[in-house]
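Overview (structure and organization)
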Amino acid sequence: MRERRFGKLIKSCALVVGTMGMITACHGAGDTDGGKALDSVGQGSQVVGDGFGATLSLDVPDTLSVGGTAGFSVTLKDPNGLPLEFVRVACESEKGIAILEPSSGGVAFEHTSANGIMSGVLGGLVPGSYIIECKAPDGYNLVVRDSIKINGPVPADFIGFPGAAGGNLGGGLLIDLTPDDNQLDALNGAVRIESIEFTDGTDVGPNGPIDIIQSTCNNGTPADASDDFAEPFFFNSYSLTVVNDTTQSVFLNTVDMTVQDSGPSSIATQQKQIEIAAGSTGEVTGLFSEFQLGAAKRFAGSSDLLTAGTYRVDFVVTGVTQTGDTFSMADSTTLTFDTVNRCE
């Protein structure tokens, strides 16, 4: 994919919950374990049945400066919402985010504290927008991701963070817009994508999940299929909220969508004719996925099928000002595709 520079990054987080077998707890947490448990909280079970309902959450800063540092934390809870202590959590990042703590031989892992928290410190390496990912042990099947925007300029004496973990997740800079002589980088941020939303019959926000398989619903009599019916299943749309803080109208011409890390799923550019008046906010909408009766759901304008997982979705919008200056702006979110039960 072309490299382009971000105007703004929407903070997004995706959670994958699966089944879990028996997990043996390991003791020992470091200085970044999130502190002591609250006396009134109590502890969750280290052996969590089949794991359904257990949660892993990630709290990271929206932005970091190059050379700057900030804390982050990961919280693991059992299906009852109680903290799971002494469970090893591992984190990794794309190039651009350094994991200063925890770090052992370039690998970031540590056990949760008595209140189910593993915490640490991140550093900004390179301007751009990047993903950080944290996982519970394999049996838990829990993965959580989020994005952080790293802002420049790069300090003159900055040499990175020697010995830090991170940078091995793959990918890298989400979008790097490189304007030509007659192309402004979204007019220095005065025109920008404020938010990204998706619909799946109802609003599902910036992260989903998007239903990818239409199931058959039973009407309460499993032995009798005569009253079965098709699960409600929808085309999906996106909605971009665009802010125009300039003193002139701007005209949006194209929207380019790309789904990363899910195979060859680059969505064709969509043509738009949308005017946003000076000092106002507008909405850009379009089709994100579609399907034919009885067929699997695919990305709009593409033959690529939606597959289960959590992927990064990049949007690039181009336009022109009233005075003829062209511009591009970009934003990204992480979006989950999964089987969603809509029978009830």
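Residues numbered from 1 in each chain as written. Predicted model: local features only at pLDDT ≥ 70, side-chain atom pairs only at ≥ 80, totals over all residues. Heavy atoms only, no water.

Thoughts on the packing of aromatic side chains
A full pass over the atoms with the stated rule returns nine aromatic pairs. When the centroid spacing of 6.0 Å and the interplanar angle of 85° are considered together, the rings of phenylalanine 288 and phenylalanine 299 count as edge-to-face. Here phenylalanine 288, found in strand β20 (residues 280–290), pairs with phenylalanine 299, found in strand β21 (residues 298–299); they are eleven residues apart in sequence, far enough to count as distant. Both residues of the pair, phenylalanine 288 and phenylalanine 299, belong to the buried class. When the centroid spacing of 5.8 Å and the interplanar angle of 35° are considered together, the rings of tyrosine 311 and phenylalanine 337 count as tilted. Highlighted residues: tyrosine 311 in strand β22 (residues 309–321) and phenylalanine 337 in strand β23 (residues 326–338), separated in sequence by 26 residues. Tyrosine 311 sits in the buried class, given a relative accessible area of 12%. Here phenylalanine 337 falls in the buried class, since its relative accessible area comes to 1%. (Phe/Tyr/Trp six-rings, centres within 6.5 Å; stacked < 30°, edge-to-face > 60°. Helix = DSSP H or I, 4+ residues; strand = E, 2+ residues; numbered from the N terminus. Buried < 20%, exposed > 50% of the residue type's maximum accessible area, 1.4 Å probe, protein only.)

Thoughts on the pattern of salt bridges
Under the definition given, this model contains eight salt bridges. For the salt bridge of glutamate 194 with arginine 192, the shortest nitrogen-to-oxygen distance reads 3.4 Å. Assessed through its relative accessible area of 33%, glutamate 194 is described here as partly exposed. Here aspartate 200 makes a salt bridge to lysine 297, at a shortest N to O gap of 4.0 Å. (Salt bridge = Lys/Arg side-chain N within 4 Å of Asp/Glu carboxyl O.)

A look at the environment of threonine 285
Secondary-structure assignment places threonine 285 in strand β20. Under the relative-accessibility criterion, threonine 285 is labelled partly exposed at 40%. Along the sequence, threonine 285 and serine 239 sit 46 residues apart, while their C-alpha atoms lie 4.4 Å from each other. Leaving out residues up to four positions away in the same chain, threonine 285 has contacts with Tyr238, Ser239 and Lys272. (Contact = heavy atoms within 4.5 Å.)

Section: the state of the cysteines
Scanning all chains against the criterion turns up two disulfides. Between the sulfur atoms of cysteine 91 and its disulfide partner cysteine 134 the distance amounts to 2.1 Å. Taking the torsion about the S-S bond as the criterion, the cysteine 91 to cysteine 134 disulfide, at about 105°, is right-handed. Highlighted residues: cysteine 91 in strand β5 (residues 88–93) and cysteine 134 in strand β9 (residues 128–135), separated in sequence by 43 residues. The exposure classification of cysteine 91 matches that of cysteine 134, with both residues buried. Each disulfide pairs two cysteine sulfurs, and for cysteine 217 the partner residue is cysteine 343, the sulfurs being separated by 2.0 Å. Judged by the sign of its S-S torsion, about -80°, the cystine formed by cysteine 217 and cysteine 343 is left-handed. Residue cysteine 217 is located in strand β15 (residues 216–217), and its partner cysteine 343 is located in the segment after β23; the two are separated by 126 residues in the primary sequence. (Disulfide = S-S within 2.5 Å.)

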